[in-house]
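Coordinate analysis (summary)
Chain by chain, the residues:
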Amino acid sequence: MKISEVLIRKLEMTMKQPFTTSFGTMQNRKFLVIEVVDELGNHGWGEGVAFEIPWYTEETVKTSLHILQDFLIPMLKGKTIQHPDEVNKIFKTIRKNNMAKAAIECAVWDCWAKRNNLSLTKALGGAKSEIDVGISIGLQKDFDILAKRVEQSLLTGFKRIKVKIKPGNDTELLKQIRTRFPNVPLMVDANSAYTLEDMDLLKRLDQFNLMMIEQPLASDDIVDHAKLQKELKTPICLDESILSAEDARKAIELGSCRIINIKIGRVGGLTEAKRIHDICQESGIPVWCGGMLEAGVGRAHNIALTSLPNFSLPGDTAGSSSYWERDIIFPEVIVEKGVIPVPTSIGIGFEVDIDELNRHTTDIVKIKL
Ligand SMILES: O=C(O)CCC(=O)C1=CC=C[C@@H](O)[C@@H]1C(=O)O
Ligand SMILES: [Mg+2]
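Reading the values: the criteria
Residues numbered from 1 in each chain as written. Chains lettered and ligands numbered in written order. Predicted model: local features only at pLDDT ≥ 70, side-chain atom pairs only at ≥ 80, totals over all residues. Heavy atoms only, no water. Core = buried A, V, L, I, M, F, W, Y, C linked by side-chain atoms within 4.5 Å. Buried < 20%, exposed > 50% of the residue type's maximum accessible area, 1.4 Å probe, protein only. Helix = DSSP H or I, 4+ residues; strand = E, 2+ residues; numbered from the N terminus. Contact = heavy atoms within 4.5 Å. Pairing = 2+ DSSP bridges. Axes fitted to C-alpha atoms, helices over the stretch in contact; angles between N-to-C directions. UniProt positions renumbered as here; feature names shortened; annotations may be inferred. Polar contact = N/O pair within 3.5 Å; in protein donor to acceptor, adjacent residues only side chain to side chain. Disulfide = S-S within 2.5 Å. Right-handed = clockwise from strand over helix to strand, strands pointing away. Near = heavy atom within 4 Å. Areas by Shrake-Rupley, 256 points an atom, 1.4 Å probe, with all protein chains shown as cover. Nonpolar A, V, L, I, M, F, W, Y, C, P; charged D, E, K, R; others polar. Domains from an automatic or database assignment.

1. Here we look at the nonpolar core
One finds I104 and I260 to be the most contacted residues of the largest nonpolar core, which totals 123 residues. Looking at this core element by element, the count peaks at 12 residues for helix 3 (residues 98-115). What I260 contacts, discounting residues up to four positions off in sequence, is C237, L238, I242, A248, I276, C280, I285, P286, V287 and W288. Formed by 6 residues, the second largest nonpolar core is a distinct cluster that contains M187, M212, I259 and L313.

2. Some words on the sheet that holds strand 15 (residues 361-368)
Here 4 strands make up an open sheet; going across it, the order is 3-2-1-15 and the pairing antiparallel. The open sheet terminates on both sides in strands that have one partner only, identified here as strand 3 (43-48) and strand 15. Neighbour to neighbour, the strand axes of the sheet diverge by 20 degrees on average, direction disregarded. Relative to the sheet, helix 3 contacts strand 1 (3-21), strand 2 (24-38) and strand 3, its axis offset from that of strand 3 by approximately 155 degrees.

3. Some thoughts on the UniProt feature "active site" (unreviewed entry) in the protein chain
Those residues carrying the UniProt feature "active site" (unreviewed entry) are K164 and K263 in this numbering. Topologically, K164 is positioned in strand 6 (residues 161-164). Classification of K164 by relative accessible area gives buried; the value is 6%. In contact with K164, not counting residues within four places along its chain, are F19, T20, T21, S136, I137, G138, L139, L173, D189 and N191. Of note is the side chain of K164, whose polar atom sits 2.7 Å from the side chain of D189.

4. Considering the side chain of E5
For E5, the position within the fold is in strand 1. There is a polar contact of 3.2 Å between the side chain of E5 and the side chain of K368. Every residue in contact with E5, bar those within four places of it in the chain, is listed here: E35, V36, V37, K366, I367 and K368.

5. Side note on the state of the cysteines
Scanning the model with the defined rule gives 0 disulfides in all. With no disulfide partner, C111 has as its closest neighbouring cysteine sulfur the one in C106, 13 Å distant. Given a relative accessible area of 0%, C111 falls into the buried group. Looking at the unpaired C257, the closest cysteine sulfur is the one in C280, lying at 7.0 Å. Relative accessible area serves as the criterion here: at 4%, C257 is assigned to the buried category.

6. Structural notes on the pairing of strand 10 (residues 259-262)
With burial as the criterion, each face of strand 10 is covered, one bearing I259 and N261 and the other bearing I260 and I262. Strand direction decides the pairing type here: strand 9 (residues 236-238) and strand 10, joined by 2 bridges, are parallel. For C237, the partnering residue across the bridge sits in strand 10 and is I259. This β-α-β element, strand 9 to helix 9 (residues 245-254) to strand 10, shows right-handed connectivity. As paired strands, strand 10 and strand 11 (residues 287-289) are joined by 3 bridges and run parallel to one another. Paired with I262 across the strands is C289, a residue of strand 11.

7. What to know about the site of ligand 1
Surrounding ligand 1, one finds 18 residues, the nearest of these being T21, S136, N191, L293 and Y323. Between ligand 1 and K263, the relevant distance is 2.9 Å, taken from an oxygen atom to a side-chain nitrogen or oxygen of the residue. Out of a free accessible area of 410 Å², ligand 1 has 100% covered by protein chains. For the shell around ligand 1, the secondary-structure elements that each account for two or more residues are strand 1 and strand 6. Across the shell around ligand 1, the residue classes tally to 7 nonpolar, 4 polar and 7 charged. When residues are assigned to domains, the shell around ligand 1 turns out to be shared by domain 1 (3-117 + 352-368) and domain 2 (123-341), each giving three or more.

And the structure:
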């Protein structure tokens, strides 16, 4: 397969409700959608999941566009790709910029699957016919609003609830949640808001019967997390700290976590995501698929990835309607009784709604290879 053309679209979409974490609030989502075309006219889609502000990782929409346009896409020129696993080898000389790499790599995977008449799930080696999903609820103004969101989410059938915590909004909040919802499968995400100086407080989280504590310490740390995990009964789940399969191997070896959240964008694409999945599986570490407040294209890639067997915990891939008035794919992603059916049609298994895509496109860059 040869990629003959790439289109980078810049999109702007407003989420139904703001999403607040320990680092800030997002509602207006700007992101990239990548379309690749091969020499036979097959199309493949990928989504750039970087935010506008570099608060989750160092990448932004602008840096992704720069890296894609000036480095990654030109590297595909003249290359014959037998299998999408080759794409991240082609990009090897470019350090990090994982979300930019993932955006185009995912589009190549979709294109390759379509060319070979395969669903992306099958192409990846996934086998599940449906995936379990949970929901990530951002920080809310007060407990009553949060409790309502939790109640609604449970009615929708989500299989676990994730809430954000930060210093000053942790133990009291969890006491309130557990009083109201004693048995709900519950986890927390701190997005690196704590240090080892908070050890006593973090130990007190053990009393809340949490499924896991996600990324309590620094975003680039695995050493302090290992120290913390030794002191906690609750499993630590690493998110920001794991950028590659090598990071996963080291974290597992050190005992820095007992669970890993895999985000395709954070780790540079589906090939690396699969590798992390495999290493974790061999080591008895369950994984789940994280979310980046994606629109439909990114969501579709998450669903296909989650069909791999060691994605044994509910992920953050909620349905389209949890985020958008109307998504850019059809059918939209629908959650029923806490599960999403895994599509079996070719490629990502959803059609891109070109009208809806155009409605949100603010800029297009076309690159002929
Ligand atoms: O619903 C989703 O897509 C998950 C949202 C979510 O929890 C996150 C998205 C992006 C950055 C973080 O705030 C957070 C996470 O760390 O997992
Ligand atoms: Mg997280």
